[in-house]
Amino acid sequence: MLSPERPGLFRVLCLFALFEAGCLLDTGMLFPRESSSREVKELSGLWSFRADKSPDRNLGFDKAWYKSRLRETGPVIDMPVPASYNDITQDPTLRDFIGWVWYEREVVVPARWITDEGTRVVIRVGSAHYYSIVWVNGVKVTEHNGGHLPFEAEVGSLIRKDPTQPCRITIAVNNTLTLETLPPGSIQHIDDITKYPKGFFVQNIYFDFFNYAGIHRPVLLYTTPTAYVDDITVVTDFLDNTGRVNYKVSVQGATTATVKVTLMDKDGHCVASSTEPFGVLKVVDVNLWWPYLMHESPGYLYSMEVRLMAANERSTHEDVYTLPVGIRTVSVTSTQFLINKKPFYFHGVNKHEDSDIRGKGFDWPLIVKDFNLLKWMGANSFRTSHYPYAEEILQMCDRHGIVVIDECPGVGIKDIRSFRNASLNHHLDVMDELVRRDKNHASVVMWSVANEPASEMPPAEFYFKTLIQHTKALDPTRPVTYVSNSHYARDKGAPYVDVICINSYFSWYHDPGHLEVIPLQLNTQFENWYGKYQKPIIQSEYGADAVPGLHSDPPMMFTEEYQKVVLQSCHDVFDQKRKQYLIGELIWNFADFMTVQGITRVVGNKKGVFTRQRQPKAAAFILKERYWRLANETGRLPPWTKYPCSL
Ligand code: GCB
């Protein structure tokens, strides 16, 4: 794919493809930012909440709960937004609830949003898991299929209908997973009344994290003028010390429009500008975007201000949107991953959006703590296992130089019926939405279309060929992978990926307790995969559960010592292979996280090197030592950051 040898023509083609790809969806999905022409009103806080516990979960629709205040339909409770609802109360039926839940909030909208017909008012839900329907003052404005990605709708005309009323927002969310959802799941009804209560059913899932549900990311109202900047796409490149920002601005709602694009450096100085809606901005003496620990000032971001002067039937408008832009390139050879034409080695983690009480709810203190821990341990990267993380997290990655493998929620595709067209079409839609949302993040260097699908099944070949080719067509500037744990010789998707990502747990799920098998089995794994595909490899998961505070010497499974030795034994092999074709290692997992209850999980998955409360286990110090050493060997650290350091 991204051959560094023929940059010119190739990059032009890439650029046009990404620009066209942006058009596959009707509209852009720019992150809402305040500017002189845009306001944002965050609706985080307490919402009214009611779970529909009727046997068919349909009472809310039968009685049209969206038509009146939710509290008039029956008992409601306070529910924080953003948060998963599961761990907020003491009610086990709400923790394990499956079906529709209803949220409602009344908002006072600023008068000028209503009186000014030239203002467009949009409701945006950062993410809600899984299926959502939104009403404003009893009128349906949108629905969305899938968690982890944003959706929005224009609501100005509804709010203006009766300006004396507060704006009542109702959101119904259903967490039921089917064979066509991502991730897939299935509902199993059990009718044996000698063993199970009447109406008993369970949600079967094929992935290893709790199916937290609710409104997980902030809900916002934001404004733009009625003629507005709808989308921006940037693709960056450089030659010698000149950076190039290829850009395209999409405008909606205008009959005539002119744009002024200004690129500013960190100090606010203009470094390039243009008055065309698409083109190339050249940056002399460019400050490239570098990963953390690869450069003394990682994460350098320019600001691209797009100023639109437009007119429509109603009036003239000015809209201003400022996009952070990191200038960098990404490419892959048969043995290397290159960022800015220099070899990059992923020494990082897999994470989850997961914490006590909040579940998968967006939480700034947690996010900042996690970034501090990542930097403390010398991690330069993570994979968004197993779904897209909040945009605010990717913005942090851009700013701190943390490299991201951006994974879609294609986890647990195990049932052969989930390879049918309905599933594939939804998977393609999700990739469209993901690329549309994340295409401009410098930190995102690769797309991952799935985690551990049953990629040995016959239909997997067509499915993954289509999916990977589609993703490459959407964005030819980034490599594409999926994460495999299948047998190298039977993996149907591997021929189509750019980078091989493998998960393996030697001495854990296989040969439990036999630490001595690790060197041999890991070596064999790498040789087999590289021998067959000649593509660079990332060890995308490895690790062992450790219950914090549990000790034994000689090491036994589930102790901190066992987790340490698993890591160290793997590291010995990684050190041999990284001289050849191994381009990264991502520990499973950064922190302990919640799962369904089961006989292999002690209140969740304990493979974290930090506890769920973000305290280090012994393994965290092993990784810290190693990652700083790797950074010193492979990066270009200034002397003051050399390990041991005092971050
Ligand atoms: C895996 C999965 C991950 C699990 C992990 C484990 O291979 O990708 O979702 O949590 O193993 O701990 O079993």
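Not measured: the values here are computed from a predicted model.

### A look at the site of the ligand
Argument step 1. Surrounding the ligand, one finds 13 residues, the nearest of these being Asp208, His386, Glu452, Tyr509 and Lys607.
Argument step 2. Within the side chain of Tyr509, an N or O atom sits 2.3 Å from an oxygen atom of the ligand.
Argument step 3. Interatomic distance of 2.7 Å between a side-chain N/O atom of Glu541 and an oxygen atom of the ligand.
Argument step 4. Out of a free accessible area of 320 Å², the ligand has 91% covered by protein chains.
Argument step 5. Of the residues in the shell around the ligand, the class split is four nonpolar, four polar and five charged.

### Notes on the pattern of salt bridges
Argument step 1. One pass over the full model with this rule turns up 34 salt bridges.
Argument step 2. Here Lys577 makes a salt bridge to Glu527, at a shortest N to O gap of 3.0 Å. Here Glu527 lies in helix H10 (residues 518-533) and Lys577 lies in helix H11 (residues 560-577), a separation of 50 residues in the sequence.
Argument step 3. One salt bridge connects Arg578 with Asp575, and the closest N-O pair in it is separated by 2.8 Å.
Argument step 4. Since its relative accessible area comes to 17%, Asp575 is described here as buried.
Argument step 5. Linked through salt bridges whose partners overlap, the residues forming this network are Asp575, Arg578, Glu585, Arg626, Arg629 and Glu633.

### Section: the UniProt feature "domain: Glycosyl hydrolases family 2 sugar binding" (unreviewed entry) in the protein chain
Argument step 1. Per the UniProt annotation, the sites labelled "domain: Glycosyl hydrolases family 2 sugar binding" (unreviewed entry) are residues 41-225.
Argument step 2. Annotation note: span residues 41-225, helix share 10%, strand share 41%, distance between end C-alpha atoms 15 Å.

### Quick word on the sheet that holds strand E24 (residues 342-343)
Argument step 1. Taking strand neighbours across the sheet as the criterion, the three strands line up as E22-E23-E24 in an open arrangement whose pairing is antiparallel. The sheet is open, and its two edges are formed by strand E22 (330-332) and E24, each paired on a single side.
Argument step 2. Sheet analysis places E22 next to strand E23 (residues 337-339), joined by three bridges and oriented antiparallel. What sits directly across from Ser331, in E23, is Leu338.

### Some details on the packing of H10 against H11
Argument step 1. It is the contact of H10 with H11, at a shortest axis distance of 9 Å, that shows an interaxial angle of 40 degrees. When the axis of H10 is compared with that of H11, the two are oblique. Of the two possible hands of crossing, H10 and H11 adopt the one that is right-handed. Here Ile518, Pro519, Leu522, Asn523, Phe526 and Glu527 of H10 come into contact with H11, specifically with Val566, Ser569, Cys570, Val573, Phe574, Gln576 and Lys577.
Argument step 2. Tallied by class, residues from the contact of H10 with H11 come to eight nonpolar, three polar and two charged.

### Topic: the pairing of strand E25 (residues 346-350)
Argument step 1. Counting buried positions along E25 yields five of five residues, so the element is predominantly enclosed.
Argument step 2. Looking at chain direction, E25 and strand E32 (residues 582-587) are connected through four bridges and run parallel. Paired with Phe346 across the two strands is Gly584, which belongs to E32.
Argument step 3. Bridge analysis of E25 against strand E26 (residues 381-383) gives two bridges, and the strand direction is parallel. Directly across from Asn350, in E26, lies its bridge partner Arg383.
Argument step 4. Between the parallel pair E25 and E26, the chain is carried across by helix H6 (residues 364-377), and the sense of this crossover is right-handed.

Criteria and cut-off values
- Residues numbered from 1 in each chain as written.
- Predicted model: local features only at pLDDT ≥ 70, side-chain atom pairs only at ≥ 80, totals over all residues.
- Heavy atoms only, no water.
- Near = heavy atom within 4 Å.
- Polar contact = N/O pair within 3.5 Å; in protein donor to acceptor, adjacent residues only side chain to side chain.
- Areas by Shrake-Rupley, 256 points an atom, 1.4 Å probe, with all protein chains shown as cover.
- Nonpolar A, V, L, I, M, F, W, Y, C, P; charged D, E, K, R; others polar.
- Salt bridge = Lys/Arg side-chain N within 4 Å of Asp/Glu carboxyl O.
- Helix = DSSP H or I, 4+ residues; strand = E, 2+ residues; numbered from the N terminus.
- Buried < 20%, exposed > 50% of the residue type's maximum accessible area, 1.4 Å probe, protein only.
- UniProt positions renumbered as here; feature names shortened; annotations may be inferred.
- Pairing = 2+ DSSP bridges.
- Axes fitted to C-alpha atoms, helices over the stretch in contact; angles between N-to-C directions.
- Parallel < 35°, antiparallel > 145°, perpendicular 65-115°, else oblique.
- Left-handed = near helix turned anticlockwise from the far one by under 90°.
- Contact = heavy atoms within 4.5 Å.
- Right-handed = clockwise from strand over helix to strand, strands pointing away.

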